[in-house]
Amino acid sequence: MGEDDVILKFENVTKRFPGVLALDNVSFAIRKGEVHALVGENGAGKSTLIKIVTGVYQKTSGEVIFDGKPVHFLTPHEALRNGIAAIYQEFNLIPALTVAENIFMGHHFTRRNFIVDWGKMREEARKLMEFLDVDIDVDAQVRDLGVAKKQVVEIAKALSLNARVLIMDEPTATLAQKEIEGLFRIIRFLKGKGVTVIYISHRLEEIYEVCDRVTVLRDGRYVGTRNVKEIKVDEIIRMMVGREVVEKFPRVAHHAGEEVLRVENLTRHGVLENISFSVRKGEILGIAGMVGSGRTELLRAIYGLDPIDAGKIYVKGKEVHIHSPLEAINHGIALLPEERKTQGLVLLLSVLDNLGLPLLPSLSNRGFVDDKKLTAVAQDMVEHMNIKTPSLLQKTMYLSGGNQQKVVLGKWFARNCDIYLFDEPTRGIDVGAKIEIYHLMNKLIERGSTIVMVSSELPEILAMSDRILVMREGKVMGELTREEATKEAILQLALGRREEYARVE
Ligand SMILES: Nc1ncnc2c1ncn2[C@@H]1O[C@H](COP(=O)(O)OP(=O)(O)OP(=O)(O)O)[C@@H](O)[C@H]1O
Ligand SMILES: [Mg+2]
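All values derive from a computational prediction rather than experimental measurement.

**As for the site of ligand 1**
Around ligand 1, 18 residues are found, and the nearest of them are Asn42, Ser47, Thr48, Ser400 and Gly402. Those elements that place two or more of their residues in the shell around ligand 1 are strand E2 (20-31), helix H1 (46-53) and helix H15 (401-414). Looking at side-chain class alone, the shell around ligand 1 contains six nonpolar, 10 polar and two charged residues.

Right, here's the structure in full:
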């Protein structure tokens, strides 16, 4: 590879946090105009590497060479001004401002007397939307936009600053299928215009759709870079994990017992319509459907987070009226929410305290907590789920995204409930840890619990569920037994059309 082809080069980049060597002598190069995937297990160092490029973190040692020159950006703003933009899961947009204002925030057009030229700003914003071929009203407030459109606004903002390198850290985690296709279209388009894209994702199949090359990190170290066309997914996984991963879905046979949860004609106007189903002890009920089909809303309604307009819920044969999560918990129901960072964790508390929170009532004796027991249970969880943390006392805010999710999951697994409602349990979780989570689900079932699992990962829902409910537009379109369920059958119900098959492998 000639030096001329290279836009960004890492030379022995090392980053040390207290107690953690997040990056250890990482060296590789990104070519001009390519889409370069960056993959690795949770805590491998992907986000840290990106944050070093964009000036969020400062490296401990090594060099980042951009366009032939060593760079040391002190802030993301400085990186952006120099042509490197990053889009994270948490958007850097201001909800109360319009699309145009957000795009040009910090680099307004001004007239001679320094008055902001709103007309020009809106016109330029409109041009960018046209350029990206998306239909977004530049006068709309950003708070009124869905995730996908917010992402496009971030991309437009980067382009307005002439970004030459665009970095995306797990951009598809919360997008619907159609929106993912839209994002891929934009990525290909940008590539055609010579923009270099660095793409981080745990969904390896996506890499085959948009990326040219893939670099694997493991435990903060560089493992290798390959042409996507020349590497099979199993090999990428082997590079990530450092060993063969065989048991993909360790499902055990379940013995269903008596009915534990029954929902009859549940309705929430405009959101859920006449939903009925029943689940038995020792069963996993999968709920499939596109993002926006009402799956999350169904779980929220059962858990008492959203009021219902009609319908009945029975727990163990008795009708219940659940108006709050506390009441749900008292009926033995737990919900693992989709938005874990905001709904599931206390970021300022340690791993130990977070894992221990739901256990406190059972581990305290007349107000005194049995610290030893608490530590033992927490340690067990950390080992089981392979949570990467320097110690149990580390604040969860310092863990990588995926490891934070594992802590939230651990919290719920540690607790004894009859009914677990899981919303996208493995989102953002790496391959190896996913398998651990499936093992833990099996354990819950063996223990006599019931699981209702919403998932967008078809292979996961097919492999783990005893029965599958398929939703579309707030309605149940059908219920499939394990034997009947195939990805085609699910997609046909979920989409109502054959031709629009989702990304499924
Ligand atoms: N601010 C911080 N302070 C201390 N440790 C940190 C900090 N940020 C990251 N780490 C640690 O550095 C390591 C790498 O984290 P990083 O966020 O880069 O992982 P990642 O590859 O992005 O993982 P994920 O797939 O889970 O997002 C992890 O062990 C993490 O706990
Ligand atoms: Mg990350």
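Here the narrative resumes, following the displayed structure.
**As for the pairing of strand E21 (residues 467-472)**
Most of E21 is tucked away, with five of its six residues classed as buried. Direction of pairing for strand E13 (residues 284-288) relative to E21: parallel, over a ladder of four bridges. Note on E21: the bridge partner recorded for Leu285 is Arg467. Where E21 meets strand E22 (residues 475-481), six bridges bridge the pair, whose relative direction is antiparallel. Counterpart to Ile468 in the pairing with E22 is Leu480. In this antiparallel pair of consecutive strands, E21 and E22, the connection spans two residues, and Glu473 shows a positive phi of 45 degrees.

**Here's the deal with the pairing of strand E1 (residues 6-17)**
For E1 and E2, the ladder comprises eight bridges, and the chain directions are antiparallel. When the sheet's bridge partners are listed, Arg16 is paired in E2 with Leu21. Taking the residues between adjacent antiparallel strands as the criterion, E1 and E2 are bridged by two residues, where Gly19 takes a positive phi near 80 degrees. Here five bridges tie E1 to strand E4 (residues 61-66), and the two strands are oriented antiparallel to one another. Bridging from a neighbouring strand, Lys9 pairs with Ile65 of E4.

**Considerations on the environment of Lys475**
Mapped onto the fold, Lys475 is located in strand E22. Exposure remark for Lys475: the 15 C-beta atoms within 10 Å place this residue in the partly exposed category. Taking the C-alpha atoms as reference, Lys475 lies 9.4 Å from Thr267; in sequence the two are 208 residues apart. In this structure Lys475 touches Glu273 and Asn274, once residues within four positions along its chain are discounted.

**A few points about the sheet that holds strand E10 (residues 221-227)**
Judged by pairing direction, the sheet is mixed, and its six strands sit side by side in the order E6-E7-E8-E3-E9-E10 without closing on themselves. Pairing within the sheet leaves two strands with one partner each, and these edge strands are strand E6 (84-87) and E10. Between one strand and the next, the sheet's axes are offset by a mean angle of 20 degrees, whatever the strand orientation. Bridge analysis of strand E7 (residues 165-169) against strand E8 (residues 196-200) gives five bridges, and the strand direction is parallel. Bridge pairing in E8 places Asp169 opposite Ile200. In this fold helix H8 (residues 233-241) packs onto strand E3 (35-39), strand E9 (213-218) and E10, with an angle of close to 30 degrees to the strand it touches most, E9.

**Here's the deal with the sheet that holds strand E12 (residues 272-280)**
Strand order in the open sheet formed by four strands is E12-E11-E14-E15, and the pairing between neighbours is antiparallel. Whereas interior strands pair on both sides, the edge strands pair on one side only; in this sheet they are E12 and strand E15 (318-320). Averaged over all pairs of adjacent strands, the angle between their axes in this sheet comes to 20 degrees, without regard to strand direction.

**Focus on the domain arrangement of the protein**
For the protein, the assigned domains read domain 1 (1-83 + 187-245), domain 2 (85-163), domain 3 (255-332 + 417-505) and domain 4 (340-416). Domain 2 and domain 3 are separated by 38 Å when their C-alpha centres are compared.

**Topic: H8**
Taken together, the buried positions of H8 are occupied by Ile236, Ile237 and Met240. End-on, the buried residues of H8 take up no more than an arc of 100 degrees, which puts them together on one face. Lining the buried residues of H8 we find E3, helix H7 (204-210), E9 and helix H16 (431-446). Positive backbone phi, approximately 85 degrees, marks Gly242, located one or two places after H8.

**As for H15**
With 14 residues, H15 ought to run about 20 Å at 1.5 Å a step, and its terminal C-alpha atoms sit 20 Å apart, in line with that. Of all 14 residues in H15, 12 are buried, a share of seventy percent or more. Taken together, the buried positions of H15 are occupied by Gly401, Gly402, Asn403, Gln404, Gln405, Lys406, Val407, Val408, Leu409, Gly410, Lys411 and Phe413.

**Focus on the packing of helix H4 (residues 118-132) against helix H5 (residues 147-160)**
At their nearest, the axes of H4 and H5 sit 10 Å apart, and the two run at 110 degrees to each other. Looking at the two axes, H4 sits roughly perpendicular to H5. Where H4 crosses over H5, the handedness of that crossing is right-handed. Note on element contacts: H5 touches H4 through Val152, Ile155, Ala156, Leu159 and Ser160, opposite Glu124, Leu128, Met129 and Leu132.

Criteria and thresholds
Residues numbered from 1 in each chain as written. Chains lettered and ligands numbered in written order. Predicted model: local features only at pLDDT ≥ 70, side-chain atom pairs only at ≥ 80, totals over all residues. Near = placed C-beta within 6 Å. Helix = DSSP H or I, 4+ residues; strand = E, 2+ residues; numbered from the N terminus. Nonpolar A, V, L, I, M, F, W, Y, C, P; charged D, E, K, R; others polar. Buried ≥ 20, exposed ≤ 12 C-beta atoms within 10 Å, placed from the backbone. Pairing = 2+ DSSP bridges. Contact = placed C-beta atoms within 7 Å. Axes fitted to C-alpha atoms, helices over the stretch in contact; angles between N-to-C directions. Domains from an automatic or database assignment. Arc of directions from axis to C-beta. Expected span 1.5 Å × (residues − 1). Parallel < 35°, antiparallel > 145°, perpendicular 65-115°, else oblique. Left-handed = near helix turned anticlockwise from the far one by under 90°.

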